[in-house]
Amino acid sequence: MSELLVQEEAKKRRTFAIISHPDAGKTTMTEKLLLFGGAIQLAGSVKGRKAARHATSDWMAMEKERGISVTSSVMQFPYKDHIVNLLDTPGHEDFSEDTYRTLTAVDSALMVIDVAKGVEARTIKLMEVCRLRDTPIMTFINKLDREGRDPIDLMDEVEDVLKIRCAPITWPIGMGKSLKGVYHLYNDSVHLFDARHAGKVLEGEVIEGLDNPRLDELLGDQIADLREEIELVQGASNSFDKEAYLRGELTPVFFGSAVNNFGIAELLNDFVEYAPGPQARATTTREVAADEPKFTGFVFKIQANMDPQHRDRIAFMRICSGVFKKGMKLRQVRTAKDVKIPDALTFMASDRGHVDDAFPGDIIGIHNHGTIRIGDTFTQGEELYFTGIPNFAPELFRRAQLRDPLKMKQLQKGLSQLCEEGATQLFKPVSNNDLVLGAVGILQFEVVAQRLKDEYNVDCSFEAVNVQTARWISCDDEKMLNQFKTKAASNLSYDHANELVYIAPSRVNLQMAIERWPDIQFLSTREHG
Ligand code: G4P
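Residues numbered from 1 in each chain as written. Predicted model: local features only at pLDDT ≥ 70, side-chain atom pairs only at ≥ 80, totals over all residues. Heavy atoms only, no water.

Peer 1: Explain the overall build of the protein here, please?
Peer 2: Helices and strands together make up the secondary structure of the protein, namely 15 helices and 31 strands. The buried share among the 529 residues of the protein stands at 56%. Partitioning the intrachain contacts of the protein with sequence separation of at least 6 by distance along the chain shows that 72% fall at a separation of at least 24. Surface summary for the protein: the accessible area is close to 22600 Å², and the carbon and sulfur share equals 48%. (Helix = DSSP H or I, 4+ residues; strand = E, 2+ residues; numbered from the N terminus. Buried < 20%, exposed > 50% of the residue type's maximum accessible area, 1.4 Å probe, protein only. Contact = heavy atoms within 4.5 Å. Areas by Shrake-Rupley, 256 points an atom, 1.4 Å probe, with all protein chains shown as cover.)

Peer 1: So what exactly am I meant to see when it comes to the site of the ligand here?
Peer 2: Around the ligand lies a shell of 18 residues, among which D23, T27, T28, H92 and S257 are the nearest. Note that an oxygen atom of the ligand is positioned 3.1 Å from one of the side-chain N or O atoms of K143. Protein chains bury 74% of the 710 Å² of accessible surface belonging to the ligand in isolation. With 3 residues, the top contributor of residues to the shell around the ligand is helix 2 (residues 26-36). In terms of residue class, the shell around the ligand is built from 4 nonpolar, 7 polar and 7 charged. (Near = heavy atom within 4 Å. Polar contact = N/O pair within 3.5 Å; in protein donor to acceptor, adjacent residues only side chain to side chain. Nonpolar A, V, L, I, M, F, W, Y, C, P; charged D, E, K, R; others polar.)

Peer 1: Is there a simple way to explain the packing of helix 2 against helix 11 (residues 264-274) in this structure?
Peer 2: Between two packed helices, the angle of one axis relative to the other and the distance separating the axes together describe the packing. Where helix 2 contacts helix 11, the two axes come as close as 11 Å, and the packing angle between them is 70°. Here helix 2 is positioned roughly perpendicular relative to helix 11, judged by the angle of their axes. Contacts between helix 2 and helix 11 involve M29, K32, L33 and F36 on the former and, on the latter, I264, A265, L267 and L268. (Axes fitted to C-alpha atoms, helices over the stretch in contact; angles between N-to-C directions. Parallel < 35°, antiparallel > 145°, perpendicular 65-115°, else oblique.)

Peer 1: Please clarify how the confidence of the model for the protein should be interpreted in this entry.
Peer 2: Do not read the fine detail of predicted coordinates wherever pLDDT is low. Per-residue confidence for the protein gives a mean pLDDT of 88, with 88% of residues at or over 70. Every residue in residues 40-60 scores below 50 in pLDDT, and together they form 41 contacts with partners more than four places removed in sequence or on other chains. Contacts from residues 66-70, a stretch scored under 50 in pLDDT, to residues over four places away or in other chains number 16 contacts. Across the whole predicted complex the pTM is 0.90, and at the interface the ipTM reaches 0.98. (pLDDT = per-residue confidence, 0-100.)

Peer 1: Honestly, the sheet that holds strand 21 (residues 377-379) in this entry has me stumped. Any pointers?
Peer 2: In sheet architecture, strand pairing relies on hydrogen bonds along the backbone and comes in two forms, parallel and antiparallel. Here 6 strands make up an open sheet; going across it, the order is 18-17-21-14-15-20 and the pairing antiparallel. On the outer flanks of this sheet lie strand 18 (337-340) and strand 20 (363-368), each paired with one strand and no other. On average, each strand axis in the sheet is inclined to that of its neighbour by 35°, with strand direction left out of account. (Pairing = 2+ DSSP bridges.)

Next comes the structure, spelled out in structure tokens:
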């Protein structure tokens, strides 16, 4: 396989995820991107997944939902000369640590904001995760067909709250009932809005030049205001600076209405042009460039398969360099074993096919019978581990309550195996025999309880526990660490990798501990060892 091919294929890839608060329009946007990318058939099944999301108490429905989300976890589609990989970030009840960790496997993100609601809580959290790697972010302000907030106010809010500069690329002409279109500040063209276009990929009329007399004809009184506003916007806002965007300091902003397919072509065209291709990635020994000929990749997510009878799981691997070929032998660095991968899955949006070749930026799914872990690195023999695929401190905690005390062994085994999938984390307090489960999404407790029952025959519930947050402990001074271990014992636990964790009943408690122990580090993420 020539080096040139890897370079060419890598250059074509755009691997990204959507970050947004629930209901801002992520599902609709995903569908429309696939529609524009020509993978129309799938548009329905993204919706289908949403319909299933309410039936969480029904295990079969949950399995079905999770099953569908295996296929929609990664959606690959071609656009112009590029291959786009869109990674799903579970967002509603299925929100979990996977959502955060998926952001470690992308090269850029698209932030979708509801024009009426502005910056919301979940967006702030996801943005914090993007910050860990300075991920470049494009912004789409959605639902322009509804009355919303003033675009300048919205951009101010993004700048203030998310601490990223905004550079408008398109600008809305009216809003709600008076939405007439968007103006592309750099192409100097107006794309007219026609609500009847909903559901189809119709272009809508595009008029070149803000001075075009046709605009006077069509927009009447509105055109004078628009020309004035654009002059103001061009004078007062940041202009697009590609380097600042790539450093994660500036976000290009687009306006539109996802449900009406409006403003998406502008976004997608600029996305494939400016968004970064596969980036070089840090490892324990060196930086790996995407166009290196030898294969490297890491696992960022493990998902149970549809059939609960088989403990078969799919490991999602991001390819960082080289080429993956069907039947290839890869070194699993942690175990130092060479494993043959005969049946990797690829994620063409139209169906889940089997991989022949896959390139940097692509995601492949590998069948896994419990031997692969999150954070695992695969290479063609080189001893290196990708870094930056951490565990995130859980935000919700529950104590496992066993109904049949004789099943303790099975419970421990089940919990530690399920925690290896990475959506939940297990903590064992130093001072008692509790088993405390931590997650970042509430549905995870229900999923674990149900799977313990089905797969391990353990009847267990999860009850409230007085824990609000957790921090991994690190300290180079052994004496200090031992002192801390004794003094803070009632707040300490070990996680499933046997790492020491401070478990705080409140934010205030955590703050006080941090102040009292200035030489101890309290970390909100932990790298996989
Ligand atoms: P999410 O995945 O971020 O949670 O959002 P989703 O796409 O499901 O969108 C949330 C709601 O907002 C949906 O309405 C969707 O139709 C609507 N929506 C998305 N884009 C636009 C837009 O550009 N304009 C308007 N007016 N609405 C938009 P729903 O009533 O919850 O669902 P549905 O019955 O329409 O499917």
